Each structure stands twice: as C-alpha cells, then as structure tokens.
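The lines below spell out each chain.
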Amino acid sequence: MIAILNWNNLDKNGKTEALARAEFNSSSELLERVKYIVSQVRANGDAALRSFSARFDGFDAVPSFVPQEKLAAATAGLSSEMRRSLDEAIENITNFHKAQMPQTVRVDTRPGVVCELTWRSIERVGLYVPGGTAPLFSAVMMLALPARLAGCRTRVLCTPPGKDGSIDQGILAAADLCGITKVLPIGGAQAIAAMAFGTETVPKVDKIFGPGNAYVTQAKQLVAQEPDGAAIDMPAGPSEVMVIADAAANPAWVAADLLAQAEHGADSQ
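Parameters and conventions
- Residues numbered from 1 in each chain as written.
- Predicted model: local features only at pLDDT ≥ 70, side-chain atom pairs only at ≥ 80, totals over all residues.
- Heavy atoms only, no water.
- Phe/Tyr/Trp six-rings, centres within 6.5 Å; stacked < 30°, edge-to-face > 60°.
- Helix = DSSP H or I, 4+ residues; strand = E, 2+ residues; numbered from the N terminus.
- Buried < 20%, exposed > 50% of the residue type's maximum accessible area, 1.4 Å probe, protein only.
- Pairing = 2+ DSSP bridges.
- Right-handed = clockwise from strand over helix to strand, strands pointing away.
- Contact = heavy atoms within 4.5 Å.
- Salt bridge = Lys/Arg side-chain N within 4 Å of Asp/Glu carboxyl O.

Asks: Where do I start with the packing of aromatic side chains in this structure?
Replies: Two numbers describe a pair of aromatic rings. These are the distance of the centres and the angle of the planes. Per the stated rule, a full pass over the model turns up two aromatic pairs. With a centroid separation of 6.2 Å and 90° between ring planes, the pair formed by Tyr36 and Phe52 is classed as edge-to-face. Separated by 16 residues along the polypeptide, Tyr36 in helix H2 (residues 28-44) and Phe52 in helix H3 (residues 46-56) bring together distant segments of the chain. Since its relative accessible area comes to 44%, Tyr36 is described here as partly exposed. Residue Phe52 is classed as buried on the basis of its relative accessible area, which comes to 4%. Each ring, one from Phe52 and one from Phe56, has its centre 5.9 Å from the other, and the planes form 10°; the classification is stacked. In this pair, Phe52 and Phe56 both sit in helix H3, four residues apart, roughly one turn of the helix. Taking relative accessible area as the criterion, Phe56 reaches 41% and is therefore assigned partly exposed. Ring pairs connect the aromatic residues Tyr36, Phe52 and Phe56, which therefore count as one cluster.

Asks: Would you take a moment to explain the pairing of strand E4 (residues 154-158) for this structure?
Replies: Burial within E4 is extensive, with five of its five residues counted as buried. Judged from the three bridges that link them, E4 and strand E5 (residues 182-184) form a sheet pairing that is parallel. Its bridge partner lying in E5, Val156 is registered against Lys182. Handedness of the crossover joining E4 and E5 through helix H7 (residues 169-177): right-handed.

Asks: What should I look at first to understand the environment of Gly165 in this one?
Replies: Its location among the elements puts Gly165 in the loop between E4 and H7. Using a relative accessible area of 17% as the deciding quantity, one classes Gly165 as buried. Considering only alpha carbons, one finds Gly165 and Ser53, 112 residues apart in sequence, at a separation of 9.4 Å. Beyond its immediate sequence surroundings of up to four residues, Gly165 is in contact with Phe59 and Pro185.

Asks: Honestly, the pattern of salt bridges in this entry has me stumped. Any pointers?
Replies: Close approach of charged atoms allows side chains with opposite charge to pair. Applying the stated rule across the entire model yields nine salt bridges. The partner of Lys35 in a salt bridge is Glu32, and the shortest N-O contact between them spans 4.0 Å. Of this pair, Lys35 and Glu32 are both found in helix H2, three residues apart, which corresponds to roughly one turn of the helix. Overall, the relative accessible area of 39% leaves Lys35 in the partly exposed class. Between Lys220 and Asp233 there is a salt bridge; the shortest N-O distance is 2.7 Å. On the criterion of sequence distance, the pair formed by Lys220 in helix H9 (residues 214-224) and Asp233 in the loop between strand E7 (231-232) and helix H10 (251-259) is long-range, its members being 13 residues apart. Counted as one network, the salt bridges with shared partners bring together Arg42, Glu226 and Asp228.

Below is the structure:
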C-alpha cells in the first residue's frame, strides 16, 4: 500500500520526514557478510549454493535448471488478460530496443584503406531478477529481450526460490515468452557469485545485469573488481521516483505510474 500524504496538511517536521531518504546499509558488517558469501561460492560451488539457499530461502537442494516443460506450463497457465498484457509489453519493449541497435560502419578512407566499426554481442550474460516480496516479471522482459535482440548466446536467469524451490509463475512465463531457457532458483549474493565465477551447475558469464537488494548490489560490485569475475551493468537501487502532475493530468495515468513503482523494496522512495 502506498501512503497518501497531503503536503498542505504537513508541518515542517512532517515534510522533512516525508522527504527523508531511507538509510542504506553500506556498513562494514554488510561488506564482510557478502565477501564471505562470495568467497564460499567461489571456493565450494554448488555445495555453497545449497547451504546458502537453505539458510536464506529455506530451500535445501542442489541447484538445478527449471525444466522446459515447467516454463511452458507457466505460459499455458496464464489468464487471457495476463497473456495479452505480457504480449503487449514484449512487443513494446522489443520495438524500443530494436530502434537502438547499432549499425556496422564501413568507410573507404582512401584507395586500399578500409575502416570499419563493427558491433558484437556479449557472449554470456547473467540476468538477476528479484523474487521476494514482489516478483519482478517486468524485469525479466527488460533484461531478457535486449539480450535476445543483441544475440547473446548464453542467457542465464537467476531468481530466489520459495521454500519448496518454486519460482513465481509470472517470472517463469515471462522467461519462456522472452526465450530464456536457463532459469535457476538461486537468489541473493550467492546467485551473483555463482554467475560471476561459475559452479558445477551455473555457467560463468561475462556480464551480470539486473536489480537487487543491498546484498545483491554489494556482491555485484565485489565480483566486478575481480580479474576473473564478471562485469556489471550498475549498482541499482534503492529507487527514488517522483511523478509531477497538475489538475490537467489524467488520474489513471498518474496512478499507473505510481503503481509501477510499488513493487520496489521498502527502502525505495
């Protein structure tokens, strides 16, 4: 539920409190915890993943890829309204990113001298999709579709499991519709470490994309500093969003803009 505040009814202290940023835990304690998780996954692979999954997610099992039939079943189980919404979103996101695709440049600067600018996709990418309080199947589309358009051959998606090892059906369906075949029920800093360094099950990737909590963000920054780690997109979150509207704004559009952000964590504003 989004809190509703009437700015004109707030006193000075109320306004200060409303504008206050959440305190981001960047303490040395957080850093040391994430360092430990990353080092354990790097050294012990799947065994460490199982241990951390049992500890943090309540799911005690060796990580394994979600079978293709489960991805297809999630898509088949969508309501007609949900399927239309996903198809429309996929079309819009695809069209937007198609327009950004760079073109090869070839120039004969002088007789016998050819200069060329070419673009090649990243070979292996890891996509992280949060799945705790708000499973972000929207993030699946925004990560997976550009990777597919770019031609990245290996596209691995990690997302936190439930206590029974299950993954939100919306995330599975979005992955299926976006051409992701490698989905793993692994979350948190351990998922980032697994994709960065590889394990017996998880393939090592060249670059990791996607948002996450403080542990995920810290892990991304750590693996990006290692020579044998993985590049990252950026440290993401917590979100800070403002919608500015006046009496002429369409209330339904304002509500849609706000609801689109309601999935973010409690530390977002």
